Amino acid sequence: MTVSFASSNMSTNSTLPVLHLKAISKSYAQTLVLEDITLSLRRGEVLALTGENGAGKSTVSKIICGLTSASSGSLLLNGQTYTPSSRRDAEAQGVRMVLQELGLIPTLTVAENLLMGHLPHHLGWLDKTVLRERAVQQLNKMGLEQLNPDTLVSELGIGQQQMVEIARNLQDNLQVLILDEPTAMLTPRESTHLFQQIAELKAKGVAIIYVSHRLEELQKIADTVAVLRDGHLVDVRPMAGVQEKDLVQRMVGREVDDLNTQAARPQGSIALQVEQLSRAKAVRSVSFALHHGEILGIAGLVGSGRTELVRLLFGADKADSGKLHIHRHHKPVLTITPNWVNPLTAIQAGLGLVTEDRKSQGLLLPQSIAHNISLGNTARITMGGFVARVREKLLASKWIKALAIRSFGAEQAVATLSGGNQQKVVFARWLEKDCDILLLDEPTRGVDVGARSDIYAQINQMASEGKAIVMVSSDLRELMAVSDRIGVMSMGRLVALFKRGEWTEQALLEAAFTQA
Ligand SMILES: Nc1ncnc2c1ncn2[C@@H]1O[C@H](COP(=O)(O)OP(=O)(O)OP(=O)(O)O)[C@@H](O)[C@H]1O
Ligand SMILES: [Mg+2]
């Protein structure tokens, strides 16, 4: 009896969609950002949700997870009307989302973040032993055996924070899991753990919506692909057999250049000479020269010291030893030795840094695009008052066009832009600064394929104007497409330096895994 009951129950479940969206629309201040979205999700199905920056992917996801509500339309969960009043309410019903922006509380430990909302108590006290045990179980699911659950989240790198955030959402009652750009901050190794988890969840019948700009990833894990364009669902089909090219065309509505390979460029004079730069174990005796007109790519795993290296170059952290010489017009103009921590001097010497973490970039979220782009570029708009405002707007309009920043106009608050479009604002600010040496840490994270090629074009343009560029990226295809040389970091050391024509993907990967 029990057996037949269980099996009939399962067969009902497998035919009934676990989640059904019926004619969902959403508007913000009278602008329609989603229109008439109808979509179903079965148990154990992985649905890839794609579309350009600002197409509406995060908005649909947030509606499903109770973070915002639809303006019209309805939702069904297991055939029942589903109107989550909050994220907590959705979570109680087994619908969870890993947000595009990190949501952990930095001042709490990993364990506290993992179990927030159901912290174990014993006689009124927080039961730390149980807390730790459960946290370790959660962490193991994501291959984070090494991570001490008592570590403060603020001490973790951005990739690890993302892994903890994912682990936090692997709860027993899970029915629908939305992952919004989960791998944007992960290394290949961390991504592999995530894909294993996805396979396990799928086998358990969890339905997954997976939002990503990395199309090769989607092909690996998704059963179905849905494409949003301008708030409309333009295509839903089985993933099998779908070519990357078709997908891009459907997303963008036009063909996008392949990552066309850069022809070798002549090397200019030295812009930056780095001598045995070291900081604790993070960066160990790194030396290289960067030339005017050169794009130097930096590859390596998260934690290999890539971000730490660019922070040292910028004077955002203090080096223990080593030197930096900044050159201009074939002469060293500034030599920087340890004890020197001063990004302001770096900026004056012509350096710029686009960091990997949007939140710490100093984007003033409530302020307009115009204000954010001109921030720190006041020299160009010092006329004060009205004229300055007009200039600010003109400047912003130029960048909105060049990088296709999807917005209602220069006055739109940055907080209300989609994730990828916020990233473009950050990038525009630094391009506008007119730096001699630009350090880019994951500049295309979360940026869609079309806009990515706009960004590559800008970087190329800068190099051809004689600027020197260091670009850290986890995307090897991107590095191979834009770099003149690629340096590979592993365990704090620069373990290899390839010229264009000398590298292969295999050689780069092997170098990244070097035990230095
Ligand atoms: N609070 C808000 N107020 C006004 N407009 C908003 C708000 N939130 C989002 N939008 C707009 O809704 C549209 C869709 O944004 P959404 O974040 O869903 O895009 P997305 O597809 O997730 O893009 P990305 O790939 O960049 O993450 C964008 O044009 C965005 O500017
Ligand atoms: Mg988004």
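The rules we used
Residues numbered from 1 in each chain as written. Chains lettered and ligands numbered in written order. Predicted model: local features only at pLDDT ≥ 70, side-chain atom pairs only at ≥ 80, totals over all residues. Pairing = 2+ DSSP bridges. Helix = DSSP H or I, 4+ residues; strand = E, 2+ residues; numbered from the N terminus. Near = placed C-beta within 6 Å. Nonpolar A, V, L, I, M, F, W, Y, C, P; charged D, E, K, R; others polar. Contact = placed C-beta atoms within 7 Å. Axes fitted to C-alpha atoms, helices over the stretch in contact; angles between N-to-C directions. Core = buried A, V, L, I, M, F, W, Y, C linked by C-beta atoms within 7 Å. Buried ≥ 20, exposed ≤ 12 C-beta atoms within 10 Å, placed from the backbone.

(A) Quick peek at the sheet that holds strand β5 (residues 80-81). Reading across from one edge, β2-β1-β4-β5 is the order of the four strands in this open sheet, with antiparallel pairing throughout. Bordering the open sheet on either side are β2 (31-41) and β5, each of which pairs with just one other strand. As paired elements, strand β4 (residues 72-77) and β5 share two bridges and run antiparallel to each other. In the sheet register, Leu-76 faces β5, and the bridge partner there is Thr-81.

(B) A look at unusual backbone geometry. Despite not being glycine, Glu-181 shows a phi value in the positive range, around 55°. Its place among the elements puts Glu-181 in the loop between β9 (176-180) and α7 (188-203). In this structure, Met-491 takes a positive phi of about 45° despite not being glycine. Turning to its location among the elements, Met-491 is positioned in the loop between β21 (485-490) and β22 (493-499).

(C) Representation of the pairing of β22 in the model. Summarising the sheet, β21 and β22 pair through six bridges and their orientation is antiparallel. Residue pairing across strands places Val-488 opposite Ala-496, the latter belonging to β22. Linking two consecutive strands that pair antiparallel, namely β21 and β22, is a turn of two residues; a positive phi of about 45° is found at Met-491 within it.

(D) Here's a closer look at the site of ligand 1. Residues in close proximity to ligand 1 total 20 residues, the closest being Tyr-28, Asn-53, Ser-58, Ser-418 and Gly-420. Elements with a minimum of two residues in the shell around ligand 1: α2 (57-64) and α14 (419-433). Across the shell around ligand 1, the residue classes tally to four nonpolar, 13 polar and three charged.

(E) Up close: the environment of Ser-40. Tracing the chain through its elements places Ser-40 in strand β2. For the pair Ser-40 and Leu-16, spaced 24 residues apart in sequence, the C-alpha to C-alpha distance is 9.5 Å. Those residues in contact with Ser-40 that sit more than four places away from it in its chain are Pro-17 and His-20.

(F) Representation of the sheet that holds strand β18 (residues 351-354) in the model. Overall, mixed pairing links the six strands, which are arranged β18-β19-β20-β15-β21-β22 in an open sheet. Strand pairing shows two members of the sheet lacking a second neighbour, β18 and β22, which therefore form its edges. Taken pair by pair, the neighbouring strands of this sheet meet at an average axis angle of 20°, ignoring direction. The strands touched by α14 within the sheet are β18 and β19 (437-441), with β18 carrying the most contacts at an inclination of about 175°. Docked against the sheet, helix α15 (residues 449-464) engages β15 (295-300), β19 and β20 (468-472), running at close to 145° with respect to β20.

(G) Examining the nonpolar core more closely. In terms of nonpolar packing, the biggest core is built from 71 residues, with Ile-369, Leu-439, Ile-469 and Val-470 touching the most fellow members. Residue contacts for Leu-439: discarding those within four places in its chain leaves Val-310, Leu-313, Phe-314, Leu-351, Gly-352, Leu-353 and Val-470. Tyr-82, Val-164, Met-185 and Ile-198 belong to the second-largest nonpolar core, a separate cluster that totals 67 residues.

(H) Expanded view of the environment of Asp-454. With respect to the helices and strands, the residue Asp-454 is situated in helix α15. Along the chain, Asp-454 and Leu-403 lie 51 residues apart, while their C-alpha atoms are 6.0 Å from each other. Excluding anything up to four places from it in sequence, Asp-454 contacts Ala-402, Leu-403 and Ala-404.

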